[in-house]
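# Tertiary structure, described
Chain residues, written in single-letter form:
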Amino acid sequence: MSRLNSREIEPKWQKIWDDAAVFRARRDPEKPKYYVLEMFPYPSGRIHMGHVRNYTLGDVIARYKRATGHAVLHPMGWDAFGMPAENAAMREGVHPGVWTRQNIADMRDQMKPLGFSIDWSREFATCDPEYYGQQQRLFLDFLEAGLVARKSAVVNWDPVDMTVLANEQVENGRGWRSGALVERRELTQWFFRITDFSDDLLAALDGLENWPDKVRLMQANWIGKSRGLQFSFEVVDGPEGHAALEVYTTRPDTLLGASFAAISPDHPLALKLAETNGDLATFAEECRRIGTSEEALETAEKRGFDTGLRVRHPLDPDWTLPIWVANFILMDYGTGAIFGCPAHDQRDLDFARKYDLPVIDVFKSSADAPDVIDEAYVPPKTQSVTFVRPLDGGPDMTGTEAIDRAITFAEGRGLGEGVTKFRLRDWGVSRQRYWGAPIPVVHCERCGVVPEKRENLPIRLPDDVDISIPGNPLARHPTWSQTTCPVCGGPARRETDTMDTFVDSSWYFARFTSPDADTPTDPEEAGYWMTVDQYIGGVEHAILHLLYSRFFARAMHQTGHLPATAVEPFAALFTQGMVCHETYSIPGPEAEGQKRWFAPDEVKRTEAGATVIETGEPAVIGPSIKMSKSKRNTVDPVDIVEQYGADTARWFVMSDSPPERDVEWTAAGADAAWKHLQRVWRLADEIRADPDGPEDEALLRTVHRTIDAVTVRRSASSSGPSGSARISSASLQTR
RNA sequence: GCGGGCGUGGCGGAAUUGGUAGACGCGCCGGAUUCAAAAUCCGGUUCUGGUGACAGAGUGUCGGUUCGAGCCCGACCGCCCGUACCA
C-alpha cells in the first residue's frame, strides 16, 4: 500500500498541466464560457495565507467549471503600482521598478507550487508600459467623452517635507516622516465624473442578485441618494456677495426647530469673513489641521466659532439665527452649510449644548416627546409636520411623506425647492507620486491644458529618478516634463501627476480578455469573455474598488471598449473571510507599545501556554487576529507547502471554516487536513488494489449521494463558493 | 462619529428558519492492534456537582414579545472591515 507523497505528485502533475497548457483559456463556440477571477495581488514580495484562500476558492470553481464543460478563463496578474514601492525605495535605495519586478518574480515562484489552474500566458503587471499605455488611452477617450473634469481638491500637505501625504501617512495629525503638523491644501486635480452615473450605479444594484446583500447595502449608503429641501437664508447685513446662505436639509419638517446656522470652515462665506477676522482665520486654520479623512473629521471634537452674523428664519422674518463656523460641516456635501436643529439631530445637539444654543422640540405635541431632551430624537410613527400642518390643514403623517409634504409646501411658498442629492463625490485620480501611470496631458502656455496625441502613448515613466527624498520625483526631474505642445508645437510641460492606483485595478479584468491587444480591449474577446461570472476577494474592497470598477465598465462601454452586456463587470461577487492566527508576545518593561512579538515558528505551543523556543521565556497568547507583519502572526504558505504539500494548505483553508467567514490557522488544523488527505489517498488506494474485484456498492452509493448533494446545493445556492464550501463538508462525511 | 458585519463547547461550526442547543469534523481522553511507535479501528467528550442513575446551568450582556427564543423586538458591550490619497 502506498502513501500520499505530495512532494513527488504535486510537481509531477503541475509539470504535466504546464506542458499540455491545459489551463490556457480558449474561446470555444461549442461551450458555454465561464470567467472566474480573484482580486489580483499587490506584489508585496511574499504571498500569504489570505492569497492562498482567495486563489483556492477561485481555483475550485475554475476546475469545477472546466469539468462541467465550460470554456474557462482564470487569469492572474499584478496590481503593481503604489506607495510601498516608493517607500521601499526611500528606505533601501532600490528603484521602485526593480523592487516591484523582483517581488513579482518571487511571488510567482511562491504561487506556482500551489498548483492553481491559472492561465499564466495572460499574466501582466499594471506597471507594464503596455498596460498603463492603454490606460492612458482610456483616459484620453474618457476626456474626449466628457467623463473627465479638472477642479480643485483638498490634500494633506506636509510643510516640512514639502510633499502631499496619503491619509495613511498622517499619524495624529502629523506627517509620519517629518512629524510636522499636517495642513490641508487645495490643488487643481483631475477627476473622473463618477457622479454622472450616481443614479444608474445605485439603481443597478438591484440587479446584482449574486452579490452579497451587505455589499449592495454598503454601496447604496455610499452613493447616498437623498431627497431634501434646498433653500436660502437671508443674511442680515451680509458682506458683499453673501446676501443669501444656501442650505440643504433632508429634514425640512424640523425647520421650526432651527436654532443656528452652521457653515464649513472652507465655505466661501467663512473664507470671506476670515479675511478681516483674525480669530476666525486662526480657528479655520486649526480646523484644517485635522486632516482630510472623513473619519478624522467626524471623530474630532465638535468645535465652532460664532461669526456674529445672523440669518432670518425663512418662516418668520423677525426671527434671526446666529451663523457659526463649525468643524463638522463638510464642504464636500450639500452646500457646505446647514441649519442646526439640536432637538432632532445628535451632532447639532452636542454642538448646542457646548455653545449654549437653544433646543427647540418641534414634535412636542407628539406622544413620543420626552420632557427633557437628553438625546436628539425623531418620533417613530406619526409625526406632525409642525410648520406645515397648521398652514395646509392636512393630517399628521409618517417620515418620508412628512418630508415630501414639507418640500411641496416650501416649493408652493417659493421658499426653496426639492432637490435630490448624492453623497457620492467625483473620483479624484491625481496623485503627486512617481510610481503610477502618468496622466497623459500637457500644459502649454499658449494652448492651456491639452491631451497628448494617442500615437505618443505610452507616456513612459523615466527610470533615472531620485527617490531618496520625499516629494514627486517626476516634478523635480530635470528633463522629463519638458515636451512640445501637441497642438501648437511650442515648448510645453508634461503633467507630473500620476493616476490613483485604483484606476489600474478598475479595468484589469477587461484587459485579461485580450492582454496583448494594441487597443485597451479586443472587442471580439471582450464580447466573448465579459462579464466576469464570479469575482472573489476581500470585503475590504466592498465600496471603492468595486464601485470604481462599475463606473469604469460604464465609461468603457460609452467609449466603445466594452459591450453593453458588460456594464456590470462582475455578475457574481463573493467576499471571503480573513485568515487569522493567535499572537504571541512578551510585554516590555514599559507600556503597550513595548511588546515584543513572536512568530508562530519561534514559539513552542503546549496546552499550558507558549514559550519562546530560543530563550525559554513564557509568551502571552493573544487572540486570533488577521495575519499581519506587525503582529508577526503569519504562517508562510511556502513553509506549509514544503512540509505538507499544497493540497494540505488548500484543503485546510477550504474546509476549516465557511469561506465567507474568518478562518483561524492552527498547526493542529493543518495536521488534521494532512491526515484527511492521507485517508482519501488510502481509500482510493484500497480500491485500486483490487481492480478486478466486485465494486464496493456501499462506497459507490456514498459517492453518488455525495455528488448529488453537492450538485443540488450548488444550484440552490446563489453564488458559487458557498456551494463549493458544501463540497468540503459533504466529502468529509464520506465513509 | 458614520456605514456594514460578526459574537453558540477546548477549536471550526450545525440547528430543517420560533419547537429536544451543540449535527458533522478537528483536538483531547480511554481502549484495541503493535516488540515499540506511526498509521488504522472502537468508545467517550458543553459546563458544574455526583462512582452512578441523575440534578442544575448554558448560545456576548440586560430587558421584552411568546405556551416556547441561538433565531423576533429594544438597549448595550466587545471585536473586525470601510470611511473617498493603503492596497
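Since the structure is predicted, the reported quantities are computational estimates derived from the model, not experimental observations. (Residues numbered from 1 in each chain as written. Chains lettered and ligands numbered in written order. Predicted model: local features only at pLDDT ≥ 70, side-chain atom pairs only at ≥ 80, totals over all residues. Heavy atoms only, no water.)

### Quick look at the packing of aromatic side chains
Tallied over the full model, the rule gives 38 aromatic pairs. Seen from their ring centres, Trp324 and Phe351 are 5.5 Å apart, and the 85° between their planes marks the pair as edge-to-face. One end of the pair, Trp324, is in strand S12 (residues 316–326); the other, Phe351, is in helix H11 (residues 346–355), and 27 residues separate them in sequence. Phe351 shares its class with Trp324; the two are buried. Measuring from centroid to centroid gives 4.7 Å for Tyr528 and Trp529, while their planes differ by 90°, and the two rings are edge-to-face. The same class applies to Tyr528 and to Trp529, which are both buried. Aromatic rings pair up to connect Phe139, Phe142, Trp190, Phe192, Phe197, Trp427, Phe502, Tyr548, Phe551 and Phe552 into one cluster. In this structure, Arg150 is placed above the aromatic ring of Trp190, and the distance from its NZ or CZ to the ring centre is 5.1 Å. (Phe/Tyr/Trp six-rings, centres within 6.5 Å; stacked < 30°, edge-to-face > 60°. Helix = DSSP H or I, 4+ residues; strand = E, 2+ residues; numbered from the N terminus. Buried < 20%, exposed > 50% of the residue type's maximum accessible area, 1.4 Å probe, protein only. Lys NZ or Arg CZ within 6 Å of the ring centre and 35° of its normal.)

### Here we look at the protein's contact with RNA strand B
The environment of RNA strand B is formed by 46 residues, the closest being Asn167, Glu294, Arg433, Asp656 and Ser657. In the model, a base nitrogen of RNA strand B is placed 3.1 Å from a nitrogen or oxygen of the Arg425 main chain. For RNA strand B, a phosphate oxygen lies 2.7 Å from a polar atom in the side chain of Arg431. Looking at the surface near RNA strand B, the elements with two or more residues in it are strand S4 (163–165), helix H7 (213–223), helix H10 (294–299), strand S16 (430–431), helix H15 (501–504) and helix H21 (667–689). Top contributing element to the surface near RNA strand B by residue count: H7, with five residues. Across the surface near RNA strand B, the residue classes break down as 16 nonpolar, 13 polar and 17 charged. (Near = heavy atom within 4 Å. Polar contact = N/O pair within 3.5 Å; in protein donor to acceptor, adjacent residues only side chain to side chain. Nonpolar A, V, L, I, M, F, W, Y, C, P; charged D, E, K, R; others polar.)

### Description of unusual backbone geometry
Here Leu457 and Pro458 are connected by a cis peptide whose omega angle stands at -5°. Mapped onto the secondary structure, Pro458 falls in the loop between strand S18 (448–451) and helix H14 (473–476). Residue Thr531 is reached from Met530 by a cis peptide bond, and omega for that bond is 5°. Relative to the elements of secondary structure, Thr531 occurs in the loop between helix H17 (523–529) and strand S22 (534–538). One non-glycine residue, Met162, lies in the positive phi region at around 55°.

### Regarding the packing of helix H2 (residues 49–67) against helix H20 (residues 646–655)
Put simply, H2 and H20 touch, their axes get as near as 9 Å, and they point 90° apart. As summarised for this structure, H2 and H20 are arranged roughly perpendicular, according to the angle between their axes. Every residue of H20 that contacts H2 at Val52, Arg53, Thr56, Leu57, Asp59, Val60 and Arg63 is listed here: Arg650, Val653 and Met654. Residues that form the contact of H2 with H20 fall into these classes: five nonpolar, one polar and four charged. (Axes fitted to C-alpha atoms, helices over the stretch in contact; angles between N-to-C directions. Parallel < 35°, antiparallel > 145°, perpendicular 65-115°, else oblique. Contact = heavy atoms within 4.5 Å.)

### Observations concerning the pattern of salt bridges
Within the structure shown, the criterion is met by 35 salt bridges. A salt bridge links Glu568 to Arg554, with the nearest nitrogen and oxygen atoms 2.5 Å apart. Remark: Arg554 occurs in helix H18 (residues 544–558) and Glu568 occurs in the loop between H18 and strand S23 (573–576); sequence separation between them is 14 residues. Exposure remark for Glu568: the relative accessible area of 14% places this residue in the buried category. Its relative accessible area of 4% is what places Arg554 among the buried residues. Each of Asp59, Arg63, Asp647 and Arg650 takes part in a single network of salt bridges with overlapping partners. (Salt bridge = Lys/Arg side-chain N within 4 Å of Asp/Glu carboxyl O.)

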